[in-house]
Amino acid sequence: MERHAICVHEEVCREMKKRDTGLLQDEPLIFEQGGEGRKGYSLPRWDVEEMKPEQFLPTALLREGLEDFPQLSEVDVVRHFTRLSQWNYGVDSGFYPLGSCTMKYNPKVNEEVAKMGGFSNIHPYTPENLSQGILKLMYELQGFLAEITGMDDVTVQPAAGAHGELAGMMMVRACLQSRGEKRKKVLVPDTAHGTNCSTSSVASYQMVEIKSNEKGIVPLEKVAELMDEEVAAIMVTNPNTLGLFEEHLSKIAEIVHRKGGFVYCDGANLNALMGIVKLGDLGVDVIHINLHKTFSTPHGGGGPGAGPVAVKKELAPFLPIPGIEKRGEIYRLNYDRPHSIGKMKAFYGNIGVLIKAYGYILSMGSEGLKRVSEIAVLNANYLMKRLKDHYYLPYDQSCMHECVFTDRVQERFHVSTLDIAKRLIDYGFHPPTIYFPLVVKGALMMEPTETESKENIDRFIETMIEIAKEAEENPDLLREAPQKVKMRRLDEVLAARRPRLRWTQER
Amino acid sequence: MNDFNRYIPHTEEDIQIMLEFVGAKKVEDLFEMIPKEYRLSKPLNLPEPLSEPDLLRHLQGLQSVAYSSFLGAGAYHHFIPSVVPALISRSEFYTAYTPYQPEISQGTLQAIFEYQTLVCQLTGMEVSNASMYDGASSLAEAVLMAERVTKRKKILISEAVHPEYRKVIQTYIDPDQEEIILIPYKKVEGRTDEKRLSDLLDGEVSGVVIQSPNFFGVIEDLHPMADKVHEAGGLMIVGFSEAVAYGILKPPGEEGADIVVGEGQSFGIPLSYGGPYLGIFATREKFVRNMPGRLVGETVDLEGKRGFVLTLATREQHIRRERATSNICTNEGLCALMATIFLSCLGKKGLREMALMNLSKAEYAKKIASQIRGCKLVFSSPTFNEFVLRIQGDPERVLEGLKGKKILGGFTLGRFYPEMKNHLLITVTEMKTKEEIDRWAEVLEKAL
């Protein structure tokens, strides 16, 4: 206790004093701060008798205390998390060309509406006649998403893209079972998202990989060859992870349908297609949509997202319960879906996220969404064409909303994709997606999105060109990057070899 | 110019220059690879775009009106310090992606490391992941993990586990390969029947799922059950939907739990009609490689400075693909941050005090409810902030009566438990004043 009189954590204080780092100052863990008796909260006044838990519960069921929990005043908490936030990079900080993640600007009005008390304070078991507004919102959102994708029915329950995929594949499984069919395999192209592969195995299917062709798309003849009565579905991403449109999708769908299978579409890249083409028209039977990508809801540093699933009529009976329905002028939760796969979540979906996506669609309208896709594709093609003399472009053709380069040119100077990515950080940009898709060695996958102006993209392009020059002339600048950040490169091998996954007192 | 252009910065001139550069005459030319017959010729059938003020007006009109609510059953109305919404509104947090580039994501990474630590401290476990979708899906993932660890296919679940959580588990498992058996609850105590549990346990059981406090608000005696589960070689999975209870309850880790999963919504996350919430997932160190979801670990940078990174990713979908422990990718990061800030504010004393206030107010409500003629407390075991009340008369009619006075008087248990058709589940958190509780009782008495 005596130590507290001077400094709770002398070592931390000493450590901090050593560095004059301006705004990037170090910040100890929340557990390394505060002091006995400090308080950062207040509770409603006690208006009933204060009970001792021992009056009701045997002491064997009670905890001694929350010994290692922090004790901080409110200002301590605010400074701590404010400082942490300053070490982060978000879409609001700058250009974030993370491929396949659609890091577009997140309109502020939608943040405001999701926080409105009449949404944020509603209990999920509120009687339906008192939650008509939110049910209407969900119902209308389902309709908008069905219209945009060209599908018949929608569930907004899944919490993220991968959760939607799982729901979609379970509906496929349930539909096949209802026909008395038990199929074993799912076809997945090598350009698929990693989640597609793991989803198919979580849904108890064996994955069969399809190699994409020299043009970067799924070859029709390969599908024909692999498709048989054992295959439940093909999972395609369109546009695929190379940023290319799957030109043969409608023909692929014909082949798959002829053998009684389903076409699953990963809609993560829907930002390229709104108002241009409906995936449902191309023969897709089931598609998930990432609202936290295409429909501008923020990623939250890793969630929450929302992954609604849209299906054709044939799969509609298998949608999760409850459905959101309209009877006359009344909106209701319908649990009467005897063939439903069941529930994906305890309640009805990530409503806070749905509200933001609904607000976005209403702000844009049909013309606005089409404009989004047009400009997203224009930005990507512009970026691609301007950079292709400086970086190797494995698939040299028009792209959709994103493009994929590699480090093949820079490899000669012993500079890798990782080095290029880290050097971008020194210039104040978020790096692109790296080493993905796996079909391309050393991939740099760039998705500018429609919300980046020409000036921002030009600045990024010029920086990339500068980095290409540096790779040739002064490669150490890249290998040692980033240098102008709070943290230099981190030792990921050490983290995995000797995992320290929480703070403990002893240390 | 259209209002929607506020989110698209391109001028007509920009577009012309860019089109020319890429060798296109008009924007449509960029979509030539899409077969012509599929390209849309007419606009999508969507409402006309709204300006910001019109959008605000429209959404204001969809809001619900607040009632005095005694609803809980897996979603709880607790106090949220203003610090929580203020801090999570920092856009460096909420507009960032998953922290794949650690050098510019230390804020998110350190906060998750703190979250993982808080979860371990709260649950008495050794490792926590960075979050799952919600309590129910977290529990379903725990069931799948128990199967991976034990290589067994039978799961026992207490009937007193939240019925919606059970439904989610049912969805997640493959009925052709896995079997679920329900353990009944004791009709007097409202606790899981540990004798029936013993009878059902055998060498095929991968895991046993017990919720505490359970769906009836009753606190389970976990330790004796955990011992039996371990004797049979299975894993003890402890779930919860009301995390605040652990401000006073013994951590499940000290009661023999192997996996602790639950709903973290009570920690600073608004009700929002059921989501987004926070799936908590914690386990023992020895099972870490079988765990689903992301993990943040401590390491050092080139200069030896402490820093944090995503780690043990070889379990995850983007590396291991079809052999991953789960397909989860995006989780509930911002909700985990809310919980971290909430717990940092409440701290060692506050969480305990909040839990005690819940207990005390619920006990007060129990006392006055038991004095109402036609009402009876059903279960004899201790409860936390929820309890089951049997009422005379049709519960739907009674709740309608309360609703007429702007009170959501409780949850009808008959919806999930046919044998409890005259039973209400009543929830009383610290947010209910004594006056509100008195008025609830008064109106309830009249409505019977």
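Computed from a prediction, not measured in an experiment: that's the story for all the values here. Each chain carries its own residue numbering, running from 1 in the direction its sequence is written. Following the order in which they are written, the chains are lettered starting with A and the ligands numbered starting with 1. Two thresholds apply to this predicted model, a pLDDT of at least 70 for residue-level local features and 80 or more for giving and counting side-chain atom pairs, whereas whole-chain, interface and lining totals are computed over all residues.

**Observations regarding the overall build of chain B**
Strands are runs of DSSP state E lasting at least 2 residues, helices are runs of H or I lasting at least 4, and numbering of each runs from the N terminus. In terms of helices and strands, chain B carries 13 helices and 15 strands. For every residue, the other C-beta atoms within 10 Å of its own C-beta are counted; 20 or more classify it as buried, 12 or fewer as exposed, and values in between as partly exposed. C-beta atoms are placed from the backbone. Split into buried and exposed, the 448 residues of chain B put 59% on the buried side. Our contact criterion uses C-beta atoms placed from the backbone: two residues qualify when those atoms are within 7 Å. Sequence separation of 24 or more characterises 73% of the internal contacts of chain B that already satisfy a separation of 6 or more.

**Re the interface of chain B and chain A**
Taken together, the contact pairs 161 residues of chain B with 164 residues of chain A. Of the residues forming the side of chain B that touches chain A, the biggest block, 24 residues, is contributed by helix α11 (residues 333-370) of chain B. Side-chain classes are defined by residue name, with Ala, Val, Leu, Ile, Met, Phe, Trp, Tyr, Cys and Pro counting as nonpolar, Asp, Glu, Lys and Arg as charged, and the others, Gly among them, as polar. Residues that form the side of chain B that touches chain A fall into these classes: 86 nonpolar, 45 polar and 30 charged.

**Focus on the pairing of strand β9 (residues 330-334) of chain A**
All names here are of chain A. Pairing between strands is defined by DSSP: at least two bridges between the two strands are required. Looking at chain direction, strand β8 (residues 323-327) and β9 are connected through five bridges and run antiparallel. Residue pairing for β9: Ile324 is matched across the bridge by Leu333. Between β8 and β9, which pair antiparallel and follow one another directly, the connecting turn spans two residues, one of which, Gly328, has a positive phi of 65°.

**As for the environment of Tyr165 of chain B**
The topology assignment puts Tyr165 of chain B in helix α7 (residues 163-172). Measuring from C-alpha to C-alpha, the distance between Tyr165 of chain B and Ala96 of chain B comes to 30 Å, with 69 residues separating the pair along the chain. Apart from residues no more than four positions distant in its own chain, Tyr165 of chain B is found in contact with Ala346 of chain A together with Gly135, Ala136, Leu139 and Gly239 of chain B.

**Regarding the sheet that holds strand β12 (residues 443-446) of chain A**
Residues and elements named next belong to chain A. Pairing in this open sheet of three strands is antiparallel, and the strands run β10-β12-β11 from one edge to the other. A single partner strand is all that each edge strand has here, and the edge strands are β10 (403-406) and β11 (433-434). Bridge count for β10 against β12 is four bridges, and the pairing is antiparallel. Pairing of Cys403 across the sheet is with Met446, part of β12.

**Focus on the sheet that holds strand β7 (residues 309-311) of chain A**
All names here are of chain A. Strand order in the open sheet formed by seven strands is β1-β7-β6-β5-β4-β2-β3, with mixed pairing between adjacent strands. The sheet is open, and its two edges are formed by β1 (153-155) and β3 (206-210), each paired on a single side. The mean angle between the axes of side-by-side strands here comes to 20°, regardless of whether they run parallel or antiparallel. Sheet analysis places strand β5 (residues 262-266) next to strand β6 (residues 286-288), joined by three bridges and oriented parallel. Within β6, the position partnered with Asp266 by the bridge is His288. A fitted line through C-alpha atoms represents every axis, and for helices the fit uses only the stretch in contact; the resulting angles, taken between N-to-C directions, go from 0 to 180 degrees. Sheet strands touched by helix α8 (residues 194-202): β2 (185-189), β3, β4 (231-237) and β5. Its angle to β2, the strand with the most contacts, is close to 175°.

**Overview of the packing of helix α12 (residues 395-404) of chain B against helix α13 (residues 434-447) of chain B**
Residues and elements named next belong to chain B. Put simply, α12 and α13 touch, their axes get as near as 9 Å, and they point 130° apart. With respect to each other, α12 and α13 are oriented oblique. Note that α12 runs across α13; the crossing there is right-handed. Taken together, the residues of α13 that come into contact with α12 (itself represented by Val398, Gly401 and Leu402) are Val443, Leu444 and Ala447. By residue class, the composition of the contact of α12 with α13 is five nonpolar, one polar and no charged. Angle categories are assigned with fixed cut-offs, so that under 35 degrees is roughly parallel, over 145 is roughly antiparallel, 65 to 115 is roughly perpendicular, and the rest are oblique. Each crossing is labelled by how the near helix is turned from the far one, with a counterclockwise turn of less than a right angle marking it left-handed and a clockwise turn marking it right-handed.

**Thoughts on the packing of α11 of chain B against α13 of chain B**
Residue and element names in this part refer to chain B. With their axes 10 Å apart at the nearest point, α11 and α13 run at an angle of 25° to one another. With respect to α13, the element α11 is oriented roughly parallel. Considering how the two elements wind past one another, α11 and α13 form a crossing that is right-handed. Residue-level inspection shows Lys361, Tyr364, Ala365, Ile368 and Ala369 of α11 in contact with α13, the latter providing Lys434, Ile437 and Ala441.

**Remarks on the domain arrangement of chain B**
Domain borders in the structure are assigned automatically or taken from a domain database. On domain assignment, one finds that chain B holds domain 1 (3-58), domain 2 (68-76 + 351-447) and domain 3 (83-342). Placing the centre of domain 1 of chain B and that of domain 3 of chain B at their C-alpha centroids yields a distance of 44 Å.

**With respect to the pairing of strand β3 (residues 154-158) of chain B**
All names here are of chain B. Within β3, four of the five residues are buried, leaving the element largely enclosed by the surrounding structure. Handedness of the crossover joining β3 and strand β4 (residues 179-183) through α7: right-handed. As judged from the four bridges shared by β3 and strand β5 (residues 205-211), these two strands associate in the parallel manner. Directly across from Ile155, in β5, lies its bridge partner Gly207. Crossover handedness is defined here as right-handed if the route from the first strand over the helix to the second strand goes clockwise, with the strands pointing away from the viewer.

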